[in-house]
Amino acid sequence: MRRRPPPPLGLDFVAARRPPSLLGWALLAFGVLASVGVLHEYQVLDDRRADEARLLARARRSIDARNGGGETVPSAPLKEAEVKPAVAAARLLGRDWGGLLTELEGAAADPGVALLELEQDAASGSLRLAGEARNLSEVFAFLTRLEAGGRVRHARLINYRFRAEDGAGSVVFQLAARWEAGP
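Scope of this entry: the structure provided in the associated data block. Residue positions are given per chain, counting from 1 as you read along its sequence in written order. The predicted nature of this model means local features are confined to residues of pLDDT at least 70 and side-chain atom pairs, given and counted, to a pLDDT of 80 or more, with totals for whole chains, interfaces and linings taken over all residues. To get the side-chain values, take all heavy atoms of the structure and skip hydrogens and water.

We call a set of buried Ala, Val, Leu, Ile, Met, Phe, Trp, Tyr and Cys residues a nonpolar core when their side-chain atoms join them within 4.5 Å. When accessible area is computed with a 1.4 Å probe and restricted to protein chains, residues below 20% of their type maximum are described as buried, those above 50% as exposed, and intermediate ones as partly exposed. Leu129, Phe142, Leu146, Val152, Phe173 and Leu175 are the most contacted members of the largest nonpolar core, which totals 20 residues. For this core, the elements supplying multiple residues, two or more each, are helix H3 (97-107), strand E2 (126-133), helix H4 (136-148), strand E3 (152-165) and strand E4 (168-179). Residue contacts for Phe173: discarding those within four places in its chain leaves Val113, Leu129, Ala130, Gly131, Glu132, Ala133, Val139, Phe142, Leu157, Asn159 and Tyr160. Secondary structure elements follow DSSP: runs of H or I of four or more residues count as helices, runs of E of two or more count as strands, with numbering from the N terminus. Residue contacts are counted whenever heavy atoms from the two residues lie within 4.5 Å of one another.

Written as structure tokens, this is what we have:
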């Protein structure tokens, strides 16, 4: 007797593909239309930018030709309202910053005082300092030296706290002052 082979197994582990739905086709069409719209807008803006660049170059050539080459166009006189903010900004920028920093460094020359932070406002003339000293008497000596310099006025201790590290204590302090730094 002859043996028959077993019937083949009908196992299909890959499911049949579903056809795309109407929603899928609609999303694809929307994406393509949006991409075309963005590309068109980019080309319009790029053309507009190129036109503006050409107009600017033509205007510059025209001004250079009128002035005989490299000369600049004389500006119209400024009004008082335009001059005041410019003068105030120039005054702030022209302050003697180096002198102030030198004075602060000289006042903190004592090895027992270290300045850690400096916050200043040139417009209002306020100055805030944070530092550390070995003891409170060195903080007061620093305040005295700071006011003796001439630029810093009305220096006052805002707060202080004692800190003990590695067996040695120190005083962390903050002070506020007014400063006069004329141009």
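Here the narrative resumes.
Pairing of aromatic rings covers Phe, Tyr and Trp, the last counted by its six-membered ring, and requires centre-to-centre distances within 6.5 Å; plane angles under 30 degrees mean stacked, over 60 mean edge-to-face, and any other angle means tilted. Counting across every chain of the model gives two aromatic pairs. Judged by centre distance (6.0 Å) and plane angle (50°), the ring pair of Phe142 and Phe173 falls under tilted. Highlighted residues: Phe142 in helix H4 and Phe173 in strand E4, separated in sequence by 31 residues. Its relative accessible area of 0% is what places Phe142 among the buried residues. The exposure class assigned to Phe173 is buried, which follows from its relative accessible area of 1%. With a centroid separation of 5.7 Å and an interplanar angle of 85°, the aromatic rings of Tyr160 and Phe162 are classed as edge-to-face. Assessed through its relative accessible area of 59%, Phe162 is described here as exposed.

Another point: the sheet that holds E2. If you walk across this open sheet you meet the four strands as E1-E2-E4-E3, and the pairing is antiparallel. The two strands at the open ends of the sheet, each matched to only one other strand, are strand E1 (113-121) and E3. Each strand axis lies, on average, 15° off the axis of its neighbour in the sheet, ignoring direction. Two strands form a pair only when DSSP identifies at least two bridges running between them. Pairing between E2 and E4: eight bridges, direction antiparallel. The residue bridging Ser126 from the neighbouring strand is Arg178, located in E4. Lines are fitted to the C-alpha atoms to define the axes, a helix being fitted only along its stretch in contact, and any angle between axes, read from their N-to-C directions, falls within 0 to 180 degrees.

Okay, the pattern of salt bridges next. By definition here, a salt bridge exists when the distance from a side-chain nitrogen of Lys or Arg to a carboxyl oxygen of Asp or Glu is within 4 Å. Applying the stated criterion across every chain yields a total of four salt bridges. Two residues, Asp46 and Arg49, come together in a salt bridge whose shortest N-O distance is 3.3 Å. Taken together, the residues span about one helical turn, with Asp46 and Arg49 both in helix H1 (residues 22-66) at a distance of three residues. A salt bridge links Glu138 to Arg134, with the nearest nitrogen and oxygen atoms 2.9 Å apart.

Quick look at the side chain of Ser170 now. Mapping Ser170 onto the fold places it in strand E4. Under the rule applied, a polar contact is a pair of N or O atoms within 3.5 Å (in protein, one hydrogen donor and one hydrogen acceptor; residues adjacent in sequence only if both atoms are side-chain atoms). Only 3.1 Å separates the side chain of Ser170 from the side chain of Glu132, close enough to count as a polar contact. Not counting the four nearest positions on each side in its chain, Ser170 is found in contact with Glu132, Ala133, Arg134, Arg161, Phe162 and Arg163.

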